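# Examination of the molecular architecture
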Protein chains: 2
Amino acid sequence: MTKLTLERVAELAGVSRSTASRAINGQDGVRPEIRRRVLDVVEITGFVPHAAARSLAGQRSNILGLAIRQTTEQVFSDPFFAGLVQGISGACNAQDQTLSLFLLQSADGEDRLPVRMLRTKLVDGLIVTATFTDDPLVWQLSESGIPFVMVGEAGQPDLSSVEADNDGGAALAARHLLELGRRHMATVTGPLRNSAAARRLLGFERALAAEGVPLDPRLVAEADFTEEGAYAATVQLLDGAPDAIFAASDRMGVGVMRAVKDAGLHVPDDVAVIGFDDLSPALETEPQLTTVRQEVAQLGTVAVDLLLERVRTPEVPPRRVELPTTLVVRGSTVPTAQREVLVR
Amino acid sequence: MTKLTLERVAELAGVSRSTASRAINGQDGVRPEIRRRVLDVVEITGFVPHAAARSLAGQRSNILGLAIRQTTEQVFSDPFFAGLVQGISGACNAQDQTLSLFLLQSADGEDRLPVRMLRTKLVDGLIVTATFTDDPLVWQLSESGIPFVMVGEAGQPDLSSVEADNDGGAALAARHLLELGRRHMATVTGPLRNSAAARRLLGFERALAAEGVPLDPRLVAEADFTEEGAYAATVQLLDGAPDAIFAASDRMGVGVMRAVKDAGLHVPDDVAVIGFDDLSPALETEPQLTTVRQEVAQLGTVAVDLLLERVRTPEVPPRRVELPTTLVVRGSTVPTAQREVLVR
DNA sequence: ACGCATGCTGGGAGCGGTCCCAAGAGAGAT
DNA sequence: ATCTCTCTTGGGACCGCTCCCAGCATGCGT
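About the criteria used
- In every chain, residue numbers begin from 1 and rise along the written sequence.
- Going through the entries in the order they are written, you letter the chains from A and number the ligands from 1.
- The model is predicted, so local features are restricted to residues of pLDDT at least 70 and side-chain atom pairs to those at 80 or more, both for listing and for counting; the totals for chains, interfaces and linings are taken over all residues.
- Values reported for side chains reflect all heavy atoms of the structure, with hydrogen atoms and water molecules removed beforehand.
- In this text, helices come from DSSP runs of H or I with a minimum length of four residues, and strands from runs of E with a minimum of two, each type numbered from the N-terminal end.
- The buried label applies to any residue whose accessible area, calculated with a 1.4 Å probe on protein chains only, is under 20% of its type's maximum; exposed applies above 50%, and partly exposed to all values in between.
- By definition, residues are in contact when any of their heavy atoms lie within 4.5 Å.
- One heavy atom suffices: a residue is near a molecule or strand as soon as one of its heavy atoms comes within 4 Å of it.
- Within 3.5 Å is the distance limit for a polar contact, defined as a pair of N or O atoms, with the added protein rule that one can donate a hydrogen and the other accept it, and that residues adjacent in sequence qualify only through two side-chain atoms.
- Classification used: nonpolar for Ala, Val, Leu, Ile, Met, Phe, Trp, Tyr, Cys and Pro, charged for Asp, Glu, Lys and Arg, polar for all others including Gly.
- Here the quantity called buried area is the total loss of accessible area, with a 1.4 Å probe, experienced by two parts when brought into contact, counted for both.
- Each reported salt bridge corresponds to a side-chain nitrogen of Lys or Arg within 4 Å of a carboxyl oxygen of Asp or Glu.
- When the copies are superposed, the least-squares fit takes in the C-alpha atoms of residues with a pLDDT of at least 70 in both.
- Residue ranges assigned to the domains are those given by an automatic or database domain assignment.
- One less than the number of residues in a helix, times 1.5 Å, gives the span that helix is expected to have.
- Cavities and pockets were defined on a 1 Å grid built from protein atoms only: a cavity is a group of points that admits a 1.4 Å probe but offers it no way out, a pocket is an open group of points flanked by protein on both sides within 12 Å along at least five of seven lines, and a lining residue is one with an atom within 4 Å of any such point.
- Grid points are joined across faces, edges and corners, and a volume is the space filled by probe spheres set on the points.
- Strand pairing is defined by DSSP finding a minimum of two bridges between the two strands.
- For helices, the fitted axis covers only the stretch in contact; all axes are lines through C-alpha atoms, and the angles between them, taken along N-to-C directions, range from 0 to 180 degrees.
- Here the aromatic set is Phe, Tyr and Trp, taking the six-membered ring for Trp, and pairing holds for ring centres within 6.5 Å; pairs whose planes are under 30 degrees apart are stacked, those over 60 apart are edge-to-face, and all others are tilted.
- Here, a charge over a ring is recorded when the distance from Lys NZ or Arg CZ to the ring centre is within 6 Å and its angle to the ring normal is within 35 degrees.

Along chain A, the regular secondary structure elements total 14 helices and twelve strands. Its C-alpha atoms put chain A at 80 × 50 × 35 Å along the principal axes. A total of 344 residues make up chain A; the buried ones form 53% of that total. Of all intrachain contacts in chain A linking residues separated by at least 6 positions in sequence, the fraction that spans at least 24 positions is 71%.

Below, the structure written as structure tokens:
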């Protein structure tokens, strides 16, 4: 049996290679009747164009890379990445792109891996996430002139990026707590070299200050976005007797609540707890976690759009997208009964 | 500036394309001196061969796919996958292969995705995991004649696969509990359509039966490899007043312990708990979880080896590798003090 | 000194597509 | 009826690399 190539399909459809190619790729300038005939042959034979040939000739691989700058362990335990990958992979499917995942753990040698990768033209562009401030990877990438976008991280102004409105979200949390009459606010931040973590702290601080309730620096503890880290941080914070704690992620919110409870305190009566993300952990606590919702999956789809924009029209300047956040009130700040009253 | 191609490198080194290619790919039949010269040019120019061209000409892409048949959410919350990906990705790097990850969630349309994928020759082969018994994906793959290996799942005998000695491991757990004098054994299994889960149950049952302590069917509860699922299952099991519970994964072990404690019982005095995997969750409980260790990362490296074997020498028949398991005793079965005595 | 292995090296032919350009067929205009 | 112009279509030239094969210069044996 002859190998199934475009040439062969064209032959079977009684047209030329060029015409077959046009028909298959949905380009116009093909008589409908002929297009039909070609597509029928494709259908029957189950022809699928050879990726390498296509990418060699077409100067485009239609593969997008997702580079996550984190330990494998971290990546595979943080629901944020689950949502992000979900969104990205959905968008890739919808746009006929293949997604390839790269986990960049080490800070050294492997660093050059992604750049090498891109030089091979294996991927058309890269979505980069979980980098930290001044990550060498970022400037290596921008220097190499490869199309890429950053997710959840501001980066330099001349780069494409998507992120949630972290400041605004944190401010929502702050105002919510103020409205509840809390005055002794504490916060467990993510690693501050991570820009999202930093902005959440900043937004929280500012919003409080704006209302004349400045955040006591002793009531700020830095953690690492893990439940355990947040637990430890909270244990410390509790010495300062806060009446509300803002955790920079839901996962940390879980740790915070556990620590509060273990200290014999009640949520939300003694200490109101609020998280960030609105991912699955927020629903697994008792009471459920009030949180600032960010559309994680959408972060992913927007990232894909931005990247394709960069790949397809490099001349269009990069742009930055900020997605809105919303407050989701649950039992960790407002007891159920009371909430119903509020709703009314 | 001229584009950096093999041709150009050859020209700079003053040799032919062929020679440059041989030098770069480490093939022999190149005078050492010439090879040096070529490699120097490569070094200086930073030449990286074009992936598509290479794969088109060489009939091999050097990309391996990892297909995980699970919800994104599940994948990104199960430490088992973290370890597996770690192992696979390490092995890929070591063998100069690129890893591409495919999450296959839906059971329908997207099912054909991997097959389509492979038809494009984008990946040379696939590592498949987390499939279930009679998963259509498996026969689709074997029918399509694409090289692939299965991880942690027996599959048909004529397929390459790696998995831990699940039966043996479960038997280790059983015997350990027996030695501790427990007689009222219970177990929380994984989803039984998953072959690993099924074998762990089987191994546990058989080992107990062999010692004349048959497993009471009412003390078997099926869960879904999640902590929550195991918690719920355990709540039920506790009605039967077991004095030991074998959880088919560490993550489930955590749920089991939580349920036991919430029921006001003590671990290990009232109920001994034992897990499977020896992954991070086992260390996060108090007391730490005794568990059956399987070398998850090694599962990954072996998978890559097997797959490359299939890809490179299709004529060699597929083979099945079973990795040994070991028992790791911790506080959830034997209190620290007592353990020290044992060690002595 | 001559023939013949042996070892390197260079050239050419693809791999399977995409894209550009020229040629052919109709349709509309004059 | 002739000439354009537009719409399709086919052919050829690559894309950048690998692989095969022929050509050449050595080295050796005799």
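Back to the write-up after that little detour.
Around DNA strand C there are 30 residues in total, and Leu6(A), Ser21(A), Arg17(B), Ser18(B) and Arg22(B) lie nearest to it. Atoms of DNA strand C within 4 Å of the protein: sugar and phosphate make up 53%, bases the balance. Interatomic distance of 2.7 Å between a side-chain N/O atom of Arg22(B) and a base oxygen of DNA strand C. Looking at the surface near DNA strand C, the elements that each hand over two or more residues are α2 (17–24) and α4 (51–58) of chain A together with α2 (17–24) and α4 (51–58) of chain B. Among the elements that take part in the surface near DNA strand C, α4(A) stands out by supplying five residues, more than any other. Classifying every residue of the surface near DNA strand C gives eleven nonpolar, twelve polar and seven charged.

The next point concerns the interface of chain A and chain B. Each partner contributes to the interface: chain A provides 43 residues, whereas chain B provides 43 residues. Around 3,300 Å² of area is buried between chain A and chain B when both sides are counted, 60% of it from carbon and sulfur atoms. For the pair chain A and chain B, the number of links is zero salt bridges. Of all the secondary-structure elements, those providing two or more residues to the side of chain A that touches chain B are α4, α5 (72–75), α6 (79–94), β2 (98–103) and α7 (112–119) of chain A. Sorting elements by how many residues they give to the side of chain A that touches chain B places β2(A) first, with six residues. Considering only residue class, the side of chain A that touches chain B consists of 20 nonpolar, 14 polar and nine charged.

Two chain copies here: they are related by a rotation about an axis and a translation along the same axis. With an axial shift of 0.1 Å and an RMSD of 0.1 Å, the rotation relating chain A to chain B amounts to 180°. Look at the turn and shift together and you get a two-fold axis relating the two. Counting the interface residues of chain A, we find that 100% of their copies in chain B are interface residues as well, pointing to one common contact surface.

The phi angle of most residues is negative, glycine excepted, and most peptide bonds adopt the trans form. That bond from Val267(A) to Pro268(A) is cis: its omega, 5°, falls within 30 degrees of zero. Its location among the elements puts Pro268(A) in the loop between α12 (250–262) and β9 (272–277). The backbone phi angle of Asp278(B) is positive, close to 60°, even though this residue is not glycine. Here Asp278(B) is to be found in the loop between β9 (272–277) and β10 (290–294).

The next point concerns the domain arrangement of chain A. With domains assigned, chain A is organised as domain 1 (6–49), domain 2 (63–164 + 297–323) and domain 3 (166–295 + 327–343). The straight-line distance from the C-alpha centre of domain 1 of chain A to that of domain 3 of chain A is 59 Å.

Attention shifts here to the protein's contact with DNA strand D. By nearness alone, 29 residues border DNA strand D, and Arg17(A), Ser18(A), Leu6(B), Ser21(B) and Ala57(B) come closest of all. Expressed as a percentage, the sugar and phosphate content of the atoms of DNA strand D within 4 Å of the protein is 60%. A distance of 2.8 Å separates a base oxygen of DNA strand D from a polar atom in the side chain of Arg17(A). Residue composition of the surface near DNA strand D, by class: ten nonpolar, twelve polar and seven charged.

Residues and elements named next belong to chain A. Across all of its chains, the model carries 30 salt bridges over all chains by this definition. For arginine 31, the salt bridge goes to glutamate 33, with nearest N and O atoms at 3.5 Å. By relative accessible area, which is 54% here, arginine 31 ends up exposed. Between arginine 199 and aspartate 167 there is a salt bridge; the shortest N-O distance is 2.8 Å. Taken together, the residues span a long stretch of sequence, with arginine 199 in helix α10 (residues 195–210) and aspartate 167 in helix α9 (residues 166–179) at a distance of 32 residues. Its relative accessible area of 31% is what places arginine 199 among the partly exposed residues. Through salt bridges with shared partners, a single network forms among Asp278, Arg293, Glu295 and Arg330.

A separate point is the side chain of Thr285(A). Residues and elements named next belong to chain A. Relative to the helices and strands, threonine 285 is located in the loop between β9 and β10 (290–294). Residue class for threonine 285 comes out buried when judged on its relative accessible area of 11%. Polar side-chain contacts of threonine 285 include one of 2.8 Å to the backbone oxygen of proline 287.

Further remarks concern the environment of Met117(A). On the secondary structure map, Met117(A) appears in helix α7. Met117(A) sits 15 residues away from Phe102(A) along the chain, and the two C-alpha atoms are 10.0 Å apart.

What follows covers helix α6 (residues 79–94) of chain B. Residues and elements named next belong to chain B. For α6, built from 16 residues, the straight-helix expectation of 22 Å at 1.5 Å per residue is met to within 8% by its first-to-last C-alpha distance of 23 Å. Burial analysis of α6 places twelve of its 16 residues in the buried class, the great majority of the element. Pro79, Phe80, Phe81, Ala82, Gly83, Leu84, Val85, Gly87, Ile88, Ser89, Ala91 and Cys92 are the residues of α6 that are buried.

Counting across every chain of the model gives two cavities of 30 Å³ or more. Computed from the structure, the largest cavity encloses a volume of approximately 120 Å³. As for the largest cavity, its lining consists of 14 residues, of which Ala52(A), Leu122(A), Ala52(B), Ser55(B) and Leu122(B) are closest to the centre. Residue assignment for the lining of the largest cavity shows that the elements contributing at least two residues are α4 of chain A together with α4 of chain B. Together, Ile63(A), Thr98(A), Ser100(A), Leu122(A), Ile63(B), Ser100(B) and Leu122(B) line the second largest cavity.

Residue and element names in this part refer to chain A. If you walk across this open sheet you meet the six strands as β2-β1-β3-β4-β5-β11, and the pairing is parallel. The sheet is open, and its two edges are formed by β2 and β11 (320–323), each paired on a single side. Within the sheet, the average angular offset between the axes of one strand and its neighbour, ignoring direction, is 20°. Where strand β1 (residues 63–68) lies against strand β3 (residues 125–129), five bridges are found, and the strand directions are parallel. Note on β3: the bridge partner recorded for alanine 67 is valine 128.

Take the pairing of strand β2 (residues 98–103) of chain B next. All names here are of chain B. Most of β2 is tucked away, with six of its six residues classed as buried. In terms of strand pairing, strand β1 (residues 63–68) meets β2 through six bridges, oriented parallel. Paired with glycine 65 across the bridge in β2 is serine 100.

This brings us to the packing of aromatic side chains. Here the structure, examined in full by the defined rule, presents seven aromatic pairs over all chains. For the ring pair Phe80(A) and Phe81(A), a centre distance of 5.6 Å and an interplane angle of 75° mean the geometry is edge-to-face. For the pair formed by Phe80(A) and Phe81(A), the shared burial category is buried. These aromatic residues form a ring-pair network of at least three members: Phe204(A), Phe246(A) and Phe276(A). Just above the ring of Phe132(B) sits the side chain of Arg193(B); from NZ or CZ to the centre is 3.8 Å. It is Arg200(B) that lies over the ring of Phe276(B); its NZ or CZ is 3.9 Å from the centre.

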